[in-house]
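One letter stands for each residue in the lines below.
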Amino acid sequence: MALQSLDIKRRSATTTPSPSQRQTQEVLKLIDVSKCIGCKACQVACMEWNDTRDAIGANHGVYDNPMDLTENSWTVMRYAELELEQGKLEWLIRKDGCMHCAEPGCLKACPAPGAVVQYSNGIVDFHEENCIGCGYCITGCPFNIPRLSKKDSKVYKCTLCSDRVAAGLEPACVKTCPTGAIVFGSKEDMIRHAEERVVDLKSRGFANAGIYNPQGVGGTHVIYVLQHADRPEVYCGLPRNPSIGPMVELWKGAAKPLASLGLAMVVAGAAFHYVTKGPNEVSAEIEKEFEDEK
Amino acid sequence: MKNDPNKILRYTPFERANHWLAAISFILLALSGLAFFHPAFYPLTQLFGGGVWTRILHPFIGVLMCLSFGVMFFNYRKLNVMTPADREWLSHVREMVDGDDRHMPEAGKFNGGQKLLFWLLVASMALLVLSGIVIWRSYFAFLFPAAVIRLASVVHAVAATVMIALIIFHIYAAIWTKESIDAMLYGHVRRAWAKQHHTAWFRQMMGGDK
Ligand code: HEM
Ligand code: SF4
């Protein structure tokens, strides 16, 4: 969503600097999976603040509802049951949604100028009025987050409540979380807090507790504290080493300006050929043979 | 001019109409596709009524071109089978580019270069259609896993670049070889032109060898 902005760090499909006179503090949302009770208050708060409503779906016999992110459900709780040790069931509940990567694959892939922006505070936001609905961002995203609306062919995802944050408020999910599993603040503060949480979890027997702040995408502005940071996949398929990936790098990297230059060279080469070698005409001898024709 | 009995029919009205249908759709495809290719070309979306319209129209024009090109493929595939003479022609291509065709082997209706171009275009078109369908978000992309869509995006961009380069070359060859555009516009060519550029075809048309 759009907010009049003076602090845009990066803008999709834009080769000149974006308005960036104002420098804001880098923010971070910390989701402590070990503290989450799966109440979905955040899911509700997100819909309430953003005023989106999902269609009432079907019960699939599990807590996940809706089963996946949609253009109206920008965050969903994902429930995994894990038995690492016999008889010791763990219920791992992960709040899924946009990770607000420092190197966003969606922004890199988007062909429409200004449809994806990254603010200097780290939030990655879609400006739907510039979106053309091609879905390249979905192709570029290492976390499978953006959803294309069937209603208007625009993509939607978590904004990290960029509107609230711009006004000095915390995101709606943070505001509502009853256990303090979601906290929000400056990047340094949140990293420090996460480190403390890891120490605490380790002291409680979670030897592999750790922070999920994947460096393959330059770190994220939504980070998790995980009980089993050595096995992120067990949290409903959290990718172990997310990155923009070689295919998207190839598709969106230096190859394109080079290819454009190559095409320009083909045109230039043709023009030079014409002026240096001249046209390819019927020879005089053959013309003579068919004099009647002219 | 049209009824000049001395001229030889090179392309029927149907062939000509279909060629220009493919040509126009190709140009529209290249302009609309390039708009998404790099921000420098994004202003091309204005030709199609904005970014959203460009996104909507491009794949449908692609389907149109694919049909029209498919007809050309079936019409010309036999005429484009490479023969030893064509390989010989291709090995002398440097002389041809230099503007000296005295030692070029006799070409049939299409010369070795045209045949090579034909097959490269067929390959590019096939890759473009297949990858284009995979990345067509409104209707088909949801059928494919992300890794396949990423690969198809690269394939589509690469094949489009190759095809645009080939077509620039094709257009230039038509401009360079005087009177060949007339063949595609009006259908008939002068006998002198035919003898000069497609000697074997010329003889065949004049009732020479079979
Ligand atoms: C059946 C044929 C084709 C289909 C279904 C198709 C479909 C698509 C789709 C869905 C896109 C993504 C953008 C959009 O939604 O419009 C695209 C991009 C593109 N298309 Fe096609 N297309 C076809 C043929 C062609 C042809 C013949 C060309 C050659 C000029 C071409 C050139 C491009 C280019 C340059 C892009 C941008 C690629 C990028 O940024 O990576 N397409 N095409
Ligand atoms: S769907 Fe919209 S935001 Fe996503 S890449 Fe296309 S234009 Fe950009």
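Residues numbered from 1 in each chain as written. Chains lettered and ligands numbered in written order. Predicted model: local features only at pLDDT ≥ 70, side-chain atom pairs only at ≥ 80, totals over all residues. Heavy atoms only, no water.

Novice: For this particular structure, what's the right way to read the coordination of the iron atom of ligand 1?
Specialist: When a metal carries six donors in an octahedron, the ideal angles between them are 90 or 180 degrees, while four donors in a tetrahedron ideally lie at 109.5 degrees. All names here are of chain B. Protein ligation of the iron atom of ligand 1 involves His 58 (NE2) and His 156 (NE2), the donor distances falling in the range 2.0 Å. If you look at the iron atom of ligand 1, its six donor atoms make angles of 84 to 179 degrees with each other, and the shape they trace is octahedral. Of the two residues, His 58 sits in helix α2 (residues 51-76) while His 156 sits in helix α6 (residues 146-176), which places them 98 residues apart along the sequence. Of the two residues, His 58 and His 156, neither departs from the other in class, the shared state being buried. (Donors = N, O, S within 2.8 Å, 3.2 Å for Na, K, Ca; no water. Tetrahedral: all angles 85-135°; square planar, octahedral: opposite > 155°, others 65-115°. Helix = DSSP H or I, 4+ residues; strand = E, 2+ residues; numbered from the N terminus. Buried < 20%, exposed > 50% of the residue type's maximum accessible area, 1.4 Å probe, protein only.)

Novice: Honestly, the pattern of salt bridges in this entry has me stumped. Any pointers?
Specialist: Considering all chains together, one arrives at 22 salt bridges over all chains under this definition. For the salt bridge of Lys 108 of chain A with Glu 249 of chain A, the shortest nitrogen-to-oxygen distance reads 3.2 Å. Of the two residues, Lys 108 of chain A sits in helix α2 (residues 105-109) while Glu 249 of chain A sits in helix α7 (residues 246-252), which places them 141 residues apart along the sequence. Taking relative accessible area as the criterion, Lys 108 of chain A reaches 30% and is therefore assigned partly exposed. Among the residues examined, Glu 249 of chain A registers a relative accessible area of 37% and is labelled partly exposed. For the salt bridge of Asp 100 of chain B with Arg 102 of chain B, the shortest nitrogen-to-oxygen distance reads 3.0 Å. Residue Asp 100 of chain B is classed as partly exposed on the basis of its relative accessible area of 21%. When salt bridges with common partners are traced through the structure, they connect Asp 68, Arg 78, Arg 94, Asp 96 and Arg 147 of chain A into a single cluster. (Salt bridge = Lys/Arg side-chain N within 4 Å of Asp/Glu carboxyl O.)

Novice: Quick question: what am I supposed to make of the site of ligand 2 here?
Specialist: What surrounds ligand 2 is a group of 13 residues, the closest being Cys 110, Cys 131, Cys 134, Gly 135 and Cys 137 of chain A. Here the residues of the shell around ligand 2 are counted per class, giving 11 nonpolar, two polar and no charged. (Near = heavy atom within 4 Å. Nonpolar A, V, L, I, M, F, W, Y, C, P; charged D, E, K, R; others polar.)

Novice: I keep staring at the domain arrangement of chain A and nothing clicks. Help me out?
Specialist: By a widely used convention, the size of an interface equals the accessible area lost when the partners come together. The domain boundaries assigned to chain A delineate domain 1 (8-244) and domain 2 (254-293). Computed over C-alpha atoms only, the centres of domain 1 of chain A and domain 2 of chain A are separated by 55 Å. (Domains from an automatic or database assignment.)

Novice: Would you take a moment to explain the interface of chain A and chain B for this structure?
Specialist: If you look at the interface, chain A gives 49 residues, while chain B gives 39 residues. Here chain A and chain B share an interface that buries about 4,000 Å² over both sides, 64% of which is from carbon and sulfur atoms. Where Lys 195 of chain B meets Glu 289 of chain A, a salt bridge forms, and the shortest distance between an N and an O atom there is 2.8 Å. Taken together, chain A and chain B are joined by 19 residue pairs in polar contact (both at pLDDT 80 or more). If you list the elements that add at least two residues to the side of chain A that touches chain B, you get α3 (136-140), α7, α8 (255-277) and α9 (284-289) of chain A. Considering each element in turn, the side of chain A that touches chain B owes the most residues, 11 residues, to α8 of chain A. (Contact = heavy atoms within 4.5 Å. Buried area = accessible area lost by both parts, 1.4 Å probe. Polar contact = N/O pair within 3.5 Å; in protein donor to acceptor, adjacent residues only side chain to side chain.)

Novice: What is the right way to read the sheet that holds strand β6 (residues 124-126) of chain A from this model?
Specialist: Across a sheet, paired strands are connected by hydrogen bonds in the backbone, their directions being either parallel or antiparallel. Residues and elements named next belong to chain A. Pairing is antiparallel in the open sheet, where three strands are placed in the order β1-β5-β6. Looking at the sheet topology across the chains shown, the edges are occupied by β1 (8-11) and β6. Each strand axis lies, on average, 30 degrees off the axis of its neighbour in the sheet, ignoring direction. Looking at chain direction, β1 and strand β5 (residues 116-119) are connected through three bridges and run antiparallel. Across the sheet, Arg 10 pairs through a bridge with Gln 118, a residue of β5. (Pairing = 2+ DSSP bridges. Axes fitted to C-alpha atoms, helices over the stretch in contact; angles between N-to-C directions.)

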